[in-house]
Amino acid sequence: MIIETDRLILRRFDLSDLDEFAPIMADADVMRFSKSGPWTRERTEEFLQQCQVDYSEARWGYGRLAAVQKTDQRVIGFAGLARFDDVDGSPEVEIGYRLHPEFWGRGLGTEAAAASRDHGFGDLGMTRLISLIQPENVASVRVAEKIGMSCEKGIRQWDLDLRVYVISGTAAQLAHAADARRCHVSCIRTHRATLHSRLIRGC
Ligand SMILES: CC(C)(COP(=O)(O)OP(=O)(O)OC[C@H]1O[C@@H](n2cnc3c(N)ncnc32)[C@H](O)[C@@H]1OP(=O)(O)O)[C@@H](O)C(=O)NCCC(=O)NCCS
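Conventions and cut-offs
- Residues numbered from 1 in each chain as written.
- Predicted model: local features only at pLDDT ≥ 70, side-chain atom pairs only at ≥ 80, totals over all residues.
- Near = placed C-beta within 6 Å.
- Helix = DSSP H or I, 4+ residues; strand = E, 2+ residues; numbered from the N terminus.
- Pairing = 2+ DSSP bridges.
- pLDDT = per-residue confidence, 0-100.
- Contact = placed C-beta atoms within 7 Å.
- Buried ≥ 20, exposed ≤ 12 C-beta atoms within 10 Å, placed from the backbone.
- Expected span 1.5 Å × (residues − 1).

K.L.:
Explain the site of the ligand here, please?
P.N.:
Looking at the ligand, there are 20 residues lining it, with Trp-104, Gly-109, Thr-110, Ala-139 and Arg-142 nearest. Going through the elements one at a time, strand 5 (90–99), helix 3 (108–121) and helix 4 (138–146) are the ones with two or more residues in the shell around the ligand.

Below is the structure:
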């Protein structure tokens with residue numbers, strides 16, 4: 001299973017990705033907004049092993065994917081989907097993304113997240129995807145907004161204050177069809193229309 005974007009390949013992790021991927025997950029900036037902080041090499045190895053389980057049809061049939069730069073085949077982070085059994089009382093599928101800081105600010109996070117969204121709604125037939133984001137994580141909030149997500153509510157989970165960003169199947173189809181500018185305009189309109197209710201919901 002391979003997803004291709006303009007500049008990235010999203011593909012399933014292999015255990016041999018450890019040498020390239022472990023330094024990314026050990027980076028304090030990459031892991032600043034996470035419940036665990038930077039990962040040890042052993043923790044990253046466990047993650048790669050868990051990914052192999054998640055990919056199997058007996059479990060989810062999908063999972064987090066390696067984000068590989070097309071030009072040199074370098075693993076620069078991850079993007080993709082993960083299932084959480086209990087998010088504020090409900091099962092959810094989350095779009096996640098973490099990139100090496102060297103690659104921030106070039107639109108790659110948005111590119112990887114949009115591809116993950118399209119994979120979920122397209123190939124996997126999902127109708128709702130979320131992202132769990134700490135409000136202080138401005139870059140992640142912007143990525144979520146740019147792929148058409150909006151804040152549904154604020155929750156307290158894993159000892160963190162999180163916002164649940166959501167996109168439904170209908171909105172995803174619109175976002176998929178829209179060019180970047182139209183999507184941006186739509187996000188601004190949504191943002192204005194829901195500012196008041198977000199305050200009430202903790203967004
Ligand atoms: C979140 C992350 C993947 C974004 O990747 P990226 O490639 O830099 O994102 P993009 O270049 O696509 O930028 C998306 C938007 O965020 C904005 N942005 C990026 N970094 C920002 C920052 N530090 N502060 C404010 N805005 C920022 C960009 O300007 C852009 O918005 P714009 O088009 O309106 O200008 C990256 O910052 C990262 O890996 N962070 C650490 C891991 C993490 O926190 N993951 C999310 C966990 S919920």
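K.L.:
Looking at this model, I keep getting lost on the pairing of strand 2 (residues 8–12). Mind explaining?
P.N.:
Looking down a regular strand, the side chains alternate between one sheet face and the other. Pairing of strand 1 (residues 2–4) with strand 2 involves three bridges; the strand directions are antiparallel. Along strand 2, the bridge assignment pairs Ile-3 with Leu-10. Across five bridges, the pairing between strand 2 and strand 3 (residues 64–69) is antiparallel. Across the sheet, residue Ile-9 finds its bridge partner in strand 3, namely Val-68.

K.L.:
What exactly am I supposed to notice about the confidence of the model for the chain here?
P.N.:
Detailed reading of the predicted model is not advised wherever pLDDT is low. Looking at the chain as a whole, its pLDDT mean stands at 90, while 85% of the residues score no less than 70. Note on residues 178–191: pLDDT is under 50 here. Beyond four places in sequence and across chains, it has nine contacts.

K.L.:
Can you walk me through the pairing of strand 6 (residues 128–133) in this structure?
P.N.:
Across the six residues of strand 6, five count as buried, placing the element largely inside the fold. Judged from the six bridges that link them, strand 6 and strand 8 (residues 160–168) form a sheet pairing that is antiparallel. Within the sheet, the bridge partner assigned to Ile-133 lies in strand 8 and is Arg-163.

K.L.:
Please explain helix 3 as it appears in this structure.
P.N.:
Since one α-helical turn is 3.6 residues long, residues separated by three or four positions face the same way. Under the 1.5 Å per step criterion, the end-to-end length of helix 3 is 20 Å for 14 residues, consistent within 8% with the ideal 20 Å. Extensive coverage of helix 3 is indicated by the burial of twelve of its 14 residues. Three or more residues of helix 3 are buried, namely Leu-108, Gly-109, Glu-111, Ala-112, Ala-113, Ala-114, Ala-115, Ser-116, Arg-117, His-119, Gly-120 and Phe-121.

K.L.:
Help me understand unusual backbone geometry in this model?
P.N.:
Leave glycine aside and you will find that most residues have negative phi; peptide bonds, for their part, are mostly trans. Its identity is not glycine, yet Asp-88 carries a phi of approximately 50°, on the positive side. By the element assignment, Asp-88 lies in the loop between strand 4 (75–87) and strand 5. Positive phi outside glycine occurs at Trp-158, with the angle close to 55°. Within the element layout of this structure, Trp-158 appears in the loop between strand 7 (150–157) and strand 8. According to the C-beta neighbour criterion, Trp-158 is exposed, with 12 such atoms within 10 Å.

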